[in-house]
Amino acid sequence: MPNSLVPVFDGHNDALLRLHRSGVEDPITPFLEGEASGHIDLPRARAGGLAGGLCAIYVPSPSMTKDANGDFPTPAQPDALNETLAMARLLFDIESRSNGALTVCRSAEDIRRSMDAGSFAAVFHIEGAEAIAGNLDALYVLHQAGLRTLGPVWSRPNIFAYGVPFRFPSTPDIGPGLTEAGRDLIRACNELKIMVDLSHMNEQGFWDIAALSKAPLVASHSNVHALCPHSRNLTDRQLDAIRDTGGLAGINFGVLFLRDDGVRDTNTSLDLLVRHVAYIADRIGIDHVALGSDFDGTTIPAELKDAAGLPRLIEALRVHGFNDEELGKIAWRNWVDVLGRSWSA
Ligand SMILES: [Zn+2]
């Protein structure tokens, strides 16, 4: 990548789901060579300085129609493990066909080496653990295959916990916390040194994990509730707990999680995104804020457009007053450091 670009290591993208559902026979070639749709492919990543990130595997519910409360239904997902394996295979197929342009990373050292070599540093992440049954057999096997971070829930209940529904304006304090199976899952993640991702947890689940887990508290793609009162965002108390454990929050680019009016409007200034970053830096310190784009998973500001637009965000952060060292922390270093701590703790 050109020297002037600040590299970005990002906490959340849904590229694998987009490719998996694209319906084309070979979704890998367009990802490697560039395409018009979506937010991420390797040429646009290179153009924008996107050097790597957590590549989520997420299995949508059979029906994504909301119920009367505006919540997503409890899914019956008999195919969740197969769907998860299909997307994991896609990730490994991309790696093997990329001629070194993408590397599946299993350690912080892997990430640093890949970034230095200009190879997209991908981390195998699961968002919502429906693929894993209560006996946790799949967790141990997926870990052997390279799984390094996991969110117990997406925004729906499963056997482990109760995902926070999408509500606005709303507190994140909706529903019960971890189940017994959920407590076993967190203990096993600590044992295997799989990072537990708190984005999509409701508030009780967050505090249950805070009390149980030995690892830093990390929310890969969640914003500031004080600036945007969406149920998916983090309260000041949650941010303080993240600081106290050496964790971080990755700022989500989704307009629904940025705006204080709850409107899905792509005409949203990058200055607002900067305000979320600055709020966390001011409250809990520059070491605890990073990026969690949600590329290919949400509606982002038109000004950003896609991964190639990242330099415009870096510039907005620079104009706000962040210096080079701070920009490096926000853009990639905090993520690599917290993953290193999570994987060795
Ligand atoms: Zn998400």
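Residues numbered from 1 in each chain as written. Predicted model: local features only at pLDDT ≥ 70, side-chain atom pairs only at ≥ 80, totals over all residues. Heavy atoms only, no water.

Caption draft 1: Structural detail: the coordination of the zinc ion. The zinc ion binds to the protein through Glu127 (OE), His200 (NE2) and His221 (NE2); the donor distances cover 2.1 to 2.2 Å. Donor residues for the zinc ion, ordered by position in the chain, follow E-x72-H-x20-H. With glutamate 127 in strand β4 (residues 120-127) and histidine 221 in the loop between β7 (218-219) and α9 (236-244), this pair connects stretches of sequence that are 94 residues apart. Taken as a pair, glutamate 127 and histidine 221 share a single burial class, namely buried. (Donors = N, O, S within 2.8 Å, 3.2 Å for Na, K, Ca; no water. Helix = DSSP H or I, 4+ residues; strand = E, 2+ residues; numbered from the N terminus. Buried < 20%, exposed > 50% of the residue type's maximum accessible area, 1.4 Å probe, protein only.)

Caption draft 2: Geometry of the nonpolar core. Judged by nonpolar contacts, the single largest core of 113 residues is most densely connected at Phe9, Ile111, Leu139, Leu150, Leu313 and Trp335. Non-local contacts of tryptophan 335, meaning those with residues more than four positions away in its chain, are made with Phe9, Asp10, Gly11, Leu54, Met195, Val218, Ser220, Leu248, Ala290 and Leu291. (Core = buried A, V, L, I, M, F, W, Y, C linked by side-chain atoms within 4.5 Å. Contact = heavy atoms within 4.5 Å.)

Caption draft 3: Highlighting the packing of α9 against helix α11 (residues 270-284). Their axes nearest at 10 Å, the elements α9 and α11 cross at an angle of 60°. One element, α9, and the other, α11, form an angle in the oblique class. When the axes of α9 and α11 are compared, the crossing they make is right-handed. Contacts between α9 and α11 involve Asp236, Leu239, Asp240, Ile242 and Arg243 from the former and Tyr279, Ile280, Arg283 and Ile284 from the latter. (Axes fitted to C-alpha atoms, helices over the stretch in contact; angles between N-to-C directions. Parallel < 35°, antiparallel > 145°, perpendicular 65-115°, else oblique. Left-handed = near helix turned anticlockwise from the far one by under 90°.)

Caption draft 4: Spotlight on unusual backbone geometry. In this structure, the amide linkage connecting phenylalanine 168 to the following residue, proline 169, adopts the cis form with an omega of -15°. By the secondary structure assignment, proline 169 is in the loop between β5 (147-151) and α7 (180-192). Of note in this structure, leucine 136 is not a glycine but carries a positive phi near 65°. Unlike most non-glycine residues, histidine 200 shows phi in positive territory, near 80°. For histidine 200, the location among the structural elements is in the loop between β6 (195-196) and α8 (203-212). Take histidine 200: its relative accessible area is 3%, and that puts it in the buried class.

Caption draft 5: Spotlight on the sheet that holds β7. The sheet built from 3 strands is open, its strands ordered β7-β8-β9 with parallel pairing. Only two strands of the sheet have a single neighbouring strand rather than two, namely β7 and β9 (289-291). As defined by bridge partners, β7 adjoins strand β8 (residues 248-251) across 2 bridges and the pair is classed as parallel. Bridge pairing in β8 places alanine 219 opposite alanine 249. Sheet strands touched by α11: β8 and β9. Its angle to β8, the strand with the most contacts, is close to 170°. (Pairing = 2+ DSSP bridges.)

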